[in-house]
Structure formats: C-alpha cells, structure tokens
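Analysis of the macromolecular model
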Amino acid sequence: ARTTKFSPAVATLLASAPQPLKTLSLPESVDEQAALAVARSCVALDMLCCWGDRNAPSVHEASDFELLPSRWHALITLRRRGSLAEPAANGALWAPYAQSSAELLSPDI
C-alpha cells in the first residue's frame, strides 16, 4: 500500500532478506533520507522507487545512486550507479505488459 506505516524494523528485514532484493518500491510514508538509507543497506539493490521531493538534498547527495527521469514530479526512481536496470515501459518498476499504454492503444498493433 502506498501509505502504509514503515519502521526501522522493516528496513532491517529488507536489508537481511534471504534472497537479496534487486528492486524495491517504498510507501509514501518513507521520507527521502530513510529511503536512501534503505537503498544503501540493501547491497544487491539495483533500483528503488519511492514518493517524495526529487529536489531534496539527500536525493542529490546519493553518490552511489543516480536519479532517473520521471514524468511525475513526486516520483523518485534511484538506480545504483553502474547498474543497467531500467524502469518498465509504464515508468514503474514493473508493468503488466511489455508495451506502454500508448503502444497498447495504437491502431498499428
């Protein structure tokens, strides 16, 4: 859920997951600084998605992650530097279809 509660205990569980996380989407209740701390603690994480202020200093001070472009002002997508991970066609971490919504609506398909 986008607005669920999030605690340091949950962050610890994510970092110690038996199968290391590759991508992660956090709820709106997590601020930018906490999201970055979670991203750094999950050593195999390639991409993190969360809601917040794209201009927050903590987002731009993340030398180990890069901020990816987004069509939504409040969507923060961070990719670990050196990773080739890319958001899905719909701009999220996953998509139910290989094509974007525009492609699905195209008369050329």
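Residues numbered from 1 in each chain as written. Predicted model: local features only at pLDDT ≥ 70, side-chain atom pairs only at ≥ 80, totals over all residues. Heavy atoms only, no water.

Here we come to the side chain of Glu32. Residue position: Glu32 is located in helix H2 (residues 32-41). Despite its burial, Glu32 pairs with no opposite charge, the nearest such side chain being Arg54 at 10 Å. (Helix = DSSP H or I, 4+ residues; strand = E, 2+ residues; numbered from the N terminus. Buried < 20%, exposed > 50% of the residue type's maximum accessible area, 1.4 Å probe, protein only. Lys, Arg positive; Asp, Glu negative; His and termini not counted. Salt bridge = Lys/Arg side-chain N within 4 Å of Asp/Glu carboxyl O.)

In this structure, Leu26, Leu48 and Leu78 are the most contacted members of the largest nonpolar core, which totals 18 residues. For this core, the secondary-structure elements that each account for two or more residues are H2, strand S2 (47-51) and strand S4 (75-80). With four residues, the top contributor of residues to this core is H2. Among all residues touching Leu26, those that are not within four sequence positions of it are Phe6, Leu14, Ala35, Val38, Leu48, Cys49, Cys50 and Trp51. (Core = buried A, V, L, I, M, F, W, Y, C linked by side-chain atoms within 4.5 Å. Contact = heavy atoms within 4.5 Å.)

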